[in-house]
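# Close look at the chain arrangement
Here is how the chains run, residue by residue.
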Amino acid sequence: MAHREVSAGISAEQWPELPLAQWKDTYATLHMWTQIVGKIRLACTPKINHWWNSTYYITPRGMTTSTMYRDGGAFQIDFDFIDHLLRFETSSGRRADIELTSKTTATFYREVMETLDALGIEVEIWPHPVEIEDPIPFAEDEQHATYIPEHAHRFWQVLLASEQVFQEVRAGFVGKSSPVHFFWGSFDLALTRFSLREAPPHPGGVPNMADWVTREAYSHECSSCGFWPGTEGGLAEPAYYSYAYPEPDGFKDYPVRPRHAFYSEELGEFVLLYKDLRRCADPAAVLRQFLESTYEAAATCGAWPRDLLEPEDPSRSLRA
């Protein structure tokens, strides 16, 4: 019950601090754990363009695979960052939980596969992480073994607050767009909007991921934005990002908002640091400015058919 006592004392602040240096060990471990469960989702769902069938969705308690199907039945796996459990539920009414606490990734992987076996769900996955340098097979990973409940909870709080703004921005676009979803490979919350035109083949080069996988993800011109917690050796702090593929002429020089946002030559995208967002009186409004103005940069510089993609009267969007 220790995990329940810890979570009960966590601040309900909507935009909490999330310094990478403090939570990097829990982050690295969660990255491996979400890849394990994400690969189960990938194995148990029909392929959807741009790999949208592989992602998680944010929930009022954490994140979910949503419904998956196997052997005539259905099941779902959720990360609960309030009670700190990995929860399994099936259409037959059976349930099981795994406690989220500090343990090796090898242990977590074994517990997940044993739980699936106990529930009568047969799934085979490729048991190696992707999109990282020097991957360790899940069954052999004794390195990633830290889970601090407060850090996981804070990360989820940021995702939940961000997801609401992303959904509002998505509602103002009537063209093809992705759901607001969480990619377990790159470990980021993302929203992608498309111009309707095909894109040149992506050069690939993502660590430990086949180039044909990347090319499917970027098969069409897009403007993509998201939240990323950062990484050592790169952008070492959490930030919002926005990029265009392919990047049109004039994109990086386009005047975007807010004034704190900047174009990173190293990353090839616009960046709004999370710490700068937190200092604003209305973080949600400022985030909306960033997401909308950077999309405008992509659509304007790329000569997108905006009359077909954006409603003439945004106030007419359907509301209950």
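Residues numbered from 1 in each chain as written. Predicted model: local features only at pLDDT ≥ 70, side-chain atom pairs only at ≥ 80, totals over all residues. Heavy atoms only, no water.

## Considerations on unusual backbone geometry
So the rule is basically this: The helix count covers DSSP runs of H or I at least four residues long, the strand count covers runs of E at least two residues long, and both are numbered beginning at the N terminus.
For the bond running from Tyr-245 to Pro-246, omega is -10 degrees, close enough to zero to count as cis. Relative to the helices and strands, Pro-246 is located in the loop between β10 (239–245) and β11 (262–264). Each neighbour pair has its own omega, and for Arg-257 with Pro-258 the value is -5 degrees, a cis peptide bond. Mapped onto the elements, Pro-258 comes out in the loop between β10 and β11. Look at His-50: it is not a glycine, yet its phi comes out positive at around 65 degrees.

## Observations regarding the pairing of strand β9 (residues 220–228)
Worth spelling out the cut-off: A simple rule labels every residue: compare its accessible area, found with a 1.4 Å probe on the protein chains alone, to the largest value its type can have, and call it buried under 20%, exposed over 50%, or partly exposed in between. The pairing criterion for strands is at least two bridges between them, as found by DSSP.
Of all the nine residues making up β9, seven are buried; the element is thus mostly covered by neighbouring parts of the structure. With seven bridges joining them, strand β8 (residues 188–198) and β9 adopt antiparallel strand pairing. Bridging across to β9, Arg-193 finds its partner in Ser-223.

## Section: the packing of helix α4 (residues 149–170) against helix α7 (residues 283–301)
Our working rule: A fitted line through C-alpha atoms represents every axis, and for helices the fit uses only the stretch in contact; the resulting angles, taken between N-to-C directions, go from 0 to 180 degrees. Roughly parallel covers angles under 35 degrees, roughly antiparallel covers those over 145, roughly perpendicular covers 65 to 115, and oblique covers all other angles. In this scheme the handedness of a crossing depends on how the near helix is turned from the far one: anticlockwise by less than a right angle means left-handed, clockwise means right-handed. Only heavy atoms matter for contacts: two residues are in contact if any of them lie within 4.5 Å across the pair. For this scheme, ten residues count as nonpolar: Ala, Val, Leu, Ile, Met, Phe, Trp, Tyr, Cys and Pro. Four count as charged, namely Asp, Glu, Lys and Arg, and the remainder, Gly too, count as polar.
Put simply, α4 and α7 touch, their axes get as near as 10 Å, and they point 45 degrees apart. As far as their axial angle goes, α7 and α4 are oblique. Read as a crossing pair, α4 and α7 show a hand that is right-handed. Facing Ser-162, Val-165, Phe-166, Glu-168 and Val-169 of α4, the residues of α7 in contact are Ala-284, Leu-287, Arg-288, Leu-291 and Glu-292. Tallied by class, residues from the contact of α4 with α7 come to six nonpolar, one polar and three charged.

## Comments concerning a negative patch on the surface
Heads up, the rule is: Candidate patch residues must exceed 30% relative accessible area and have no salt bridge, after which like charges are joined if within 9 Å and Val, Leu, Ile, Met, Phe, Trp or Tyr side chains if within 5 Å. Surface accessibility follows the Shrake-Rupley procedure with a 1.4 Å probe radius. Residue values consider only the protein chains on display as shielding. A carboxyl oxygen of Asp or Glu within 4 Å of a side-chain nitrogen of Lys or Arg is what we treat as a salt bridge. Under the counting rule used here, the positive set is Lys and Arg, the negative set is Asp and Glu, and His together with the chain ends is not counted. Where a charge lies is defined by one atom per residue type: Lys uses NZ, Arg uses CZ, Asp uses CG and Glu uses CD.
A cluster of acidic residues, Asp-71, Asp-117, Glu-122 and Glu-124, forms a negative patch at the surface. By secondary structure assignment, the location of Asp-71 is in the loop between β3 (68–70) and β4 (73–80). A residue is classified by how much of its surface remains accessible, and Asp-71, at 62% relative accessible area, is exposed.

## Some remarks on the domain arrangement of the chain
Let me state the cut-off plainly: Where each domain begins and ends is defined by an automated method or by a domain database. Joining two parts hides part of their accessible area as seen by a 1.4 Å probe, and the buried area is that hidden amount summed over both.
Structurally, the chain comprises domain 1 (20–140) and domain 2 (149–308). For domain 1 and domain 2, the distance between their C-alpha centres works out to 24 Å. Regarding the contact of domain 1 and domain 2, the summed buried area is about 3400 Å², with carbon and sulfur atoms giving 69% of it. Among the residues domain 1 hides against domain 2, the three largest losses belong to His-50, Ile-58 and Glu-131. Together they make up 21% of the total. Across the pair Lys-47 and Glu-216 runs a salt bridge, and its minimum N-O distance is 3.7 Å. Mapped by element, the contributors of at least two residues to the side of domain 1 that touches domain 2 are α2 (20–43), β1 (57–58) and β2 (62–64). Counting residues per element, the side of domain 1 that touches domain 2 draws most heavily on α2, which supplies 13 residues.

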